[in-house]
Amino acid sequence: MVQSVSSYSNIDPAAGTGDVKTDIAVKLFKEAQESQQLVGSIIQDTAEISQEAMQKCRAEQC
């Protein structure tokens, strides 16, 4: 029976078989990619908000 990768969260990866280690590595890689994309979106949103704030400030002569 094949377990889902999420069921391995409490298992030591070093104790698993090659397939389990590969599944865990792939899951961690995908989670890292998703985290980086989220951080990138937050940084982009922050930059856009800061730019809008700066334009409003300049228009109001802050």
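Visitor: It is not clear to me how the overall build of the chain should be interpreted in this structure. Could you clarify?
Guide: Of regular secondary structure, the chain possesses one helix and zero strands. Residues classed as buried in the chain amount to 5% of the 62 residues present. A total accessible area of about 5,400 Å² is found for the chain, and carbon and sulfur atoms account for 56% of it.

Visitor: What's the story with the environment of Thr-22 in this structure? I'm lost.
Guide: Locating Thr-22 in the fold gives a position in helix α1 (residues 18-59). Within the local environment of Thr-22, its side chain forms a polar contact with the backbone oxygen of Gly-18, the two atoms lying 2.9 Å apart.

Conventions used here
- Residues numbered from 1 in each chain as written.
- Predicted model: local features only at pLDDT ≥ 70, side-chain atom pairs only at ≥ 80, totals over all residues.
- Heavy atoms only, no water.
- Helix = DSSP H or I, 4+ residues; strand = E, 2+ residues; numbered from the N terminus.
- Buried < 20%, exposed > 50% of the residue type's maximum accessible area, 1.4 Å probe, protein only.
- Areas by Shrake-Rupley, 256 points an atom, 1.4 Å probe, with all protein chains shown as cover.
- Polar contact = N/O pair within 3.5 Å; in protein donor to acceptor, adjacent residues only side chain to side chain.

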